[in-house]
Amino acid sequence: MMRALPCFAAVCVIATSACGGIELEQTGDLPIGSVTSERIEMPVGLAVSVRLKSAKEDEESALVSANKMIMDTSPTGNLHEFIVSAVSVGSTTIDVQVNSESQGEIEAVVTAYPAAPQ
Amino acid sequence: MARHVAPLVALAVMGCGSESELVRGSFDYECVADEDSACWGTLSPTGVPDRIAVGGLFAIDYKPFEGAPNHAVVPVSNDRASSNSSGTMQLVEEGVQALLAQNLTTKATSDYLVVNGVRPADLFVSDEQDPSADPLPSIELEVMMPTTFFVRPAGPDGATLPGALTFTWTTEDPMVATVEVAMGTTAEATITAQGAGTTNLTIAAGVVDVTFAVHAVGGMMP
């Protein structure tokens, strides 16, 4: 039984919110890019609002970027809602915290803005 | 020049469409210089234009629906837009990008807005200070009759773009025509034909420029 646990845990990490982990919802428009519970990707200069659905009403949440110079986060004042901003090209991670405890990390990728068609 | 907000008619001509993403307040466009044709007019303002000239200066004010209006509007990335301490901004690249309304007290970002930078493709010259005035195809002047003209940037689709650019005006032959740029705005200049003939007038703003043939009639040939 103990041997099976690490395997189960690995499956749980690979899977999404079904395992009771992070559930992130995009709440604002994002003209280019994508938001999932595992990864946020958008071109430099854009921003998107997201809500941490997996956090309860009586909990406190935070999104903490490992590198704010690449992708930054800011609370909006609405419960569990944040604005994620693509500051400069690169990759980093965002730590999702509930009541100051890490729930896991989201991959955060900022790409170059696509060139206009000639 | 004191800032003033863009009149409704001017913004309607340019396309008024950018809105607050979180709908927690309102963003208003402000002209920071007289060169911005978005403020050529007298009616009351509303909204933010859906396109702004790359390289043009402007400002945006944010008023929350609740609480004190204690916000600064800043671009997400200095790679694509710049802003100074007085809130004047400039888009340095084409395409969409976000501007954030940051609460100066709580440091939270209350709202955000997506704007679209468009690189000017043309400069329109008219004899009226009106963002919807038909551009002149050529300029004809009576000798020694000063005439005032106005210039504004336009996008690839021919629509006037908001944003204050700096313009230069140059005549090829000052013996035929001279140009005097107005005090306080480079978007306005008075051209005086000095003698009959034809010369070229070039108006430039950054990487875009236009050249007109100026025909001066009457008087003596130089």
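In what follows, the structure referred to is the one given above.
Quick summary incoming for the structure in this document. (Residues numbered from 1 in each chain as written. Chains lettered and ligands numbered in written order. Predicted model: local features only at pLDDT ≥ 70, side-chain atom pairs only at ≥ 80, totals over all residues. Heavy atoms only, no water.)

Looking now at the overall build of chain A. The number of helices and strands found in chain A is one helix and nine strands. Each helix and strand of chain A, placed in order from N terminus to C terminus, yields the pattern α-β-β-β-β-β-β-β-β-β. Sequence separation of 24 or more characterises 51% of the internal contacts of chain A that already satisfy a separation of 6 or more. By element, 55% of the accessible surface of chain A is carried by carbon and sulfur atoms, the whole surface being about 6500 Å². (Helix = DSSP H or I, 4+ residues; strand = E, 2+ residues; numbered from the N terminus. Contact = heavy atoms within 4.5 Å. Areas by Shrake-Rupley, 256 points an atom, 1.4 Å probe, with all protein chains shown as cover.)

Here the focus is the sheet that holds strand β3 (residues 39-43) of chain A. Sheet strands pair by backbone hydrogen bonding; their relative direction is either parallel or antiparallel. All names here are of chain A. Strand order in the open sheet formed by five strands is β2-β3-β9-β8-β5, and the pairing between neighbours is mixed. Two strands lie at the open edges of the sheet, namely β2 (34-35) and β5 (61-65), each paired on one side alone. Relative to strand β8 (residues 90-98), β5 runs antiparallel, the two sharing five bridges. Paired with serine 65 across the bridge in β8 is isoleucine 94. (Pairing = 2+ DSSP bridges.)

This brings us to the packing of aromatic side chains. Following the criterion strictly, the structure yields three aromatic pairs over all chains and no others. Residues B:Tyr29 and B:Phe58 carry aromatic rings whose centres are separated by 5.8 Å and whose planes lie at 10° to one another, so their mutual orientation is stacked. Pair noted here: B:Tyr29 is in strand β3 (residues 25-31) and B:Phe58 is in strand β6 (residues 57-64), with a separation of 29 residues, a long-range link. Comparing B:Tyr29 with B:Phe58 shows no difference in burial state: the two are buried. Pairing B:Trp40 with B:Phe150 gives two aromatic rings, centres 6.1 Å apart and planes at 65°, and the pair type is edge-to-face. Of the two residues, B:Trp40 sits in the loop between β3 and β4 (48-49) while B:Phe150 sits in strand β14 (residues 147-154), which places them 110 residues apart along the sequence. Accessibility expressed as a relative area gives 8% for B:Trp40, which makes it buried. Seen from the ring of A:Tyr113, B:Arg80 lies directly overhead, with NZ or CZ sitting 3.8 Å from the centre. (Phe/Tyr/Trp six-rings, centres within 6.5 Å; stacked < 30°, edge-to-face > 60°. Buried < 20%, exposed > 50% of the residue type's maximum accessible area, 1.4 Å probe, protein only. Lys NZ or Arg CZ within 6 Å of the ring centre and 35° of its normal.)

Tracing the backbone through its elements, the reader meets B:Asp79 in the loop between β7 (71-75) and β8 (81-83). Distance in space between the C-alpha atoms of B:Asp79 and B:Val214 is 41 Å, their sequence separation being 135 residues. Aside from chain neighbours lying at most four places away, what touches B:Asp79 is A:Val44, A:Val87, A:Ser88, B:Val92 and B:Glu93.

Glancing now at the side chain of B:His71. One can find B:His71 in strand β7. The contact partners of B:His71, leaving out residues within four places of it in the chain, are B:Tyr62, B:Pro64, B:Ala101, B:Gln102, B:Asn103, B:Leu104 and B:Ser110.

Taken as a whole, the largest pocket holds about 400 Å³ of empty space. Lining of the largest pocket is provided by 22 residues; of these, A:Asp72, B:Pro75, B:Val76, B:Leu100 and B:Gln102 occupy positions nearest its centre. Mapped by element, the contributors of at least two residues to the lining of the largest pocket are β6 (71-75) and β7 (81-86) of chain A together with β7 and β10 (95-103) of chain B. (1 Å grid on protein atoms, 1.4 Å probe; cavity = no way out; pocket = protein on both sides within 12 Å on 5 of 7 lines; lining within 4 Å. Points joined across faces, edges and corners; volume = space filled by probe spheres on them.)

Turning next to the sheet that holds β7(B). Residues and elements named next belong to chain B. The four strands lie next to each other as β5-β11-β10-β7, forming an open sheet whose pairing is mixed. The outermost strands of the open sheet, each flanked by one partner alone, are β5 (52-53) and β7. Relative to β10, β7 runs antiparallel, the two being bridged by five bridges. Bridge pairing links valine 73 to alanine 101 in β10.

Turning to the nonpolar core, a few remarks are in order. In terms of nonpolar packing, the biggest core is built from 35 residues, with A:Ile40, A:Met42, A:Met71 and A:Val84 touching the most fellow members. Contact partners of A:Ile40, with chain neighbours within four places excluded, come to A:Leu24, A:Ser34, A:Val35, A:Met71, A:Val84, A:Ile94, A:Ile106, A:Glu107, A:Ala108 and A:Val109. Judged by nonpolar contacts, the second largest core, of 26 residues, contains B:Val125, B:Phe167, B:Ala187 and B:Ala189. (Core = buried A, V, L, I, M, F, W, Y, C linked by side-chain atoms within 4.5 Å.)

Another aspect to go through is the environment of B:Thr178. Residue and element names in this part refer to chain B. Following the sequence through the fold, threonine 178 ends up in strand β16 (residues 177-181). With 123 residues separating them in the primary sequence, threonine 178 and glycine 55 have C-alpha atoms 28 Å apart. At 2.9 Å, the side chain of threonine 178 and the side chain of glutamine 194 are in polar contact. (Polar contact = N/O pair within 3.5 Å; in protein donor to acceptor, adjacent residues only side chain to side chain.)

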